[in-house]
Amino acid sequence: METQEEQNLLFHLKALRQVLLKCLTALAFGLIPMFGLAPFSLKAFISFLTQNTALTLNYFTPMEVFILELKLAALLDVAICFPYLARQIWLFVAPALYENERRLALRLIASGSFLFMFGLGFGLFGMMPLLMRFGLSFGYSTLQPMFGVGNIISLSLHISFIFGLMFQFPLITFALIKNGILTAQAVKNKRPYMVVTILVLSALLTPPDIISQLMLFVPTYALFEAGLFFATRKAS
């Protein structure tokens, strides 16, 4: 005879299996049209990066562009399906939460998603053009740049993902203060340490040039201050 706990575990495992099947099915159906869209997206992004320059990107193996398009199609697929995936996961998790926990979780998820997408966009469309122009500035008559498309796309994804993660700083600050792990005054007193921490992270996570490091540091620190401000207001 199965105990009540075993029955509950089996029920949750079956529910989780259904959620995973729905998510995988959605991703599988979405991948085909996204693969058709990937070449146009790749061309548009390359045109954006190389606008107002005479630069052309290069590929060095026969399958390089095809593999890039596959990766881009997978990323677009996840981005397009994200609302459906998030809803399915939420429907699975929500029944286990109290009403106040649901409200807090929804606010944190919505804020975190917005900040992550904003960070991605800032990295792709704000940071990458500056990095491209910075790299081109070293060229002269006997030294000309030759950028590989695979390296540029990999760098773009790396930069955008790092910006998306670093833009979570205000949520971290807000959550630490709201849950009583730290007080607002304690965080204010640790500002010099936060400046050093964000500077070190910016140096470690970006290419070794001062422009990219400052472009990550400045908005990240501003968002940290914003999280501290709103957490202080909520606490007062």
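This report concerns the structure included in the present document. (Residues numbered from 1 in each chain as written. Predicted model: local features only at pLDDT ≥ 70, side-chain atom pairs only at ≥ 80, totals over all residues. Heavy atoms only, no water.)

**What about the overall build of the chain?**
Here is step 1: Assigned secondary structure in the chain consists of eight helices and zero strands.
Here is step 2: A globule of 236 residues ought to have a C-alpha radius of gyration of about 18 Å, yet the chain, at 22 Å, is considerably larger.
Here is step 3: Projected onto the principal axes, the alpha-carbon positions of the chain cover approximately 80 × 50 × 25 Å.
Here is step 4: Taking all 236 residues of the chain together, the buried fraction comes to 31%.
Here is step 5: Within the chain, contacts between residues separated by at least 24 positions form 83% of all contacts whose residues are at least 6 apart in sequence. (Helix = DSSP H or I, 4+ residues; strand = E, 2+ residues; numbered from the N terminus. Rg over C-alpha atoms; globule rule 2.2 N^0.38 Å. Buried < 20%, exposed > 50% of the residue type's maximum accessible area, 1.4 Å probe, protein only. Contact = heavy atoms within 4.5 Å.)

**Concerning the packing of aromatic side chains**
Here is step 1: Tallying each qualifying case throughout the model produces twelve aromatic pairs.
Here is step 2: Each ring, one from Phe48 and one from Phe125, has its centre 5.4 Å from the other, and the planes form 75 degrees; the classification is edge-to-face. Of the two residues, Phe48 is situated in helix α1 (residues 4-50) and Phe125 in helix α3 (residues 99-136); the sequence distance between them amounts to 77 residues.
Here is step 3: Arranged with centres 5.7 Å apart and planes meeting at 40 degrees, the rings of Tyr221 and Phe224 form a pair that is tilted. Placement of the pair is Tyr221 and Phe224 together in helix α8 (residues 210-235), with a separation of three residues, close to one helical turn. For the residue pair Tyr221 and Phe224, the accessibility class agrees, reading buried in each case.
Here is step 4: The rings of Phe114, Phe118, Phe122, Phe163 and Phe167 are connected pair by pair, giving a single aromatic cluster. (Phe/Tyr/Trp six-rings, centres within 6.5 Å; stacked < 30°, edge-to-face > 60°.)

**Let's talk about the nonpolar core**
Here is step 1: Ranked by internal contacts, the top residues of the largest apolar core, which has 36 residues, are Leu57, Met132, Ile152, Ile198 and Phe224.
Here is step 2: Those elements giving two or more residues to this core turn out to be α1, α3, α4 (149-166), α5 (169-178), α6 (184-189), α7 (191-205) and α8.
Here is step 3: Counting residues per element, this core draws most heavily on α8, at eight residues.
Here is step 4: Setting aside its immediate chain neighbours within four residues, Met132 contacts Leu49, Leu55, Leu57, Phe147 and Ile152. (Core = buried A, V, L, I, M, F, W, Y, C linked by side-chain atoms within 4.5 Å.)

**A few points about the pattern of salt bridges**
Here is step 1: A full pass over the atoms with the stated rule returns three salt bridges.
Here is step 2: For Arg191, the salt bridge goes to Glu225, with nearest N and O atoms at 2.7 Å. Of this pair, Arg191 sits in helix α7 while Glu225 sits in helix α8, and the two are 34 residues apart along the sequence.
Here is step 3: Connected via shared salt-bridge partners are Glu99, Arg102 and Arg103. (Salt bridge = Lys/Arg side-chain N within 4 Å of Asp/Glu carboxyl O.)

**Section: α3**
Here is step 1: With 38 residues, α3 should cover 56 Å at 1.5 Å per step; its first-to-last C-alpha distance of 54 Å lies within 8% of that length.
Here is step 2: Met127 marks the point of greatest bend in α3, at about 35 degrees, and the proline Pro129 comes within the next four residues.
Here is step 3: Looking only at α3, the buried set comprises Ala105, Gly112, Leu115, Gly119, Leu120, Gly123, Met127, Met128, Pro129, Leu131 and Met132. (Expected span 1.5 Å × (residues − 1). Bend = angle between axes of the 7 residues up to and from the residue.)

**Points about α5**
Owing to its 3.6 residues per turn, the α-helix brings residues three or four apart onto one side.
Here is step 1: Residues Phe169, Pro170, Leu171, Thr173, Phe174 and Ile177 constitute the buried set of α5.
Here is step 2: Taken from the residues just after α5, Gly180 is the one with a positive phi, measuring 75 degrees.

**A short note on the packing of helix α2 (residues 64-93) against α4**
Here is step 1: Relative orientation of the contacting elements α2 and α4 amounts to 20 degrees, with a least axis distance of 10 Å. Here α4 runs roughly parallel to α2, going by the angle between their axes. The element α2 and its partner α4 pack so that their crossing is left-handed. Every residue of α4 that contacts α2 at Glu64, Leu68 and Leu75 is listed here: Val149, Gly150, Ile153 and Leu157.
Here is step 2: In terms of residue class, the contact of α2 with α4 is made up of five nonpolar, one polar and one charged. (Axes fitted to C-alpha atoms, helices over the stretch in contact; angles between N-to-C directions. Parallel < 35°, antiparallel > 145°, perpendicular 65-115°, else oblique. Left-handed = near helix turned anticlockwise from the far one by under 90°. Nonpolar A, V, L, I, M, F, W, Y, C, P; charged D, E, K, R; others polar.)

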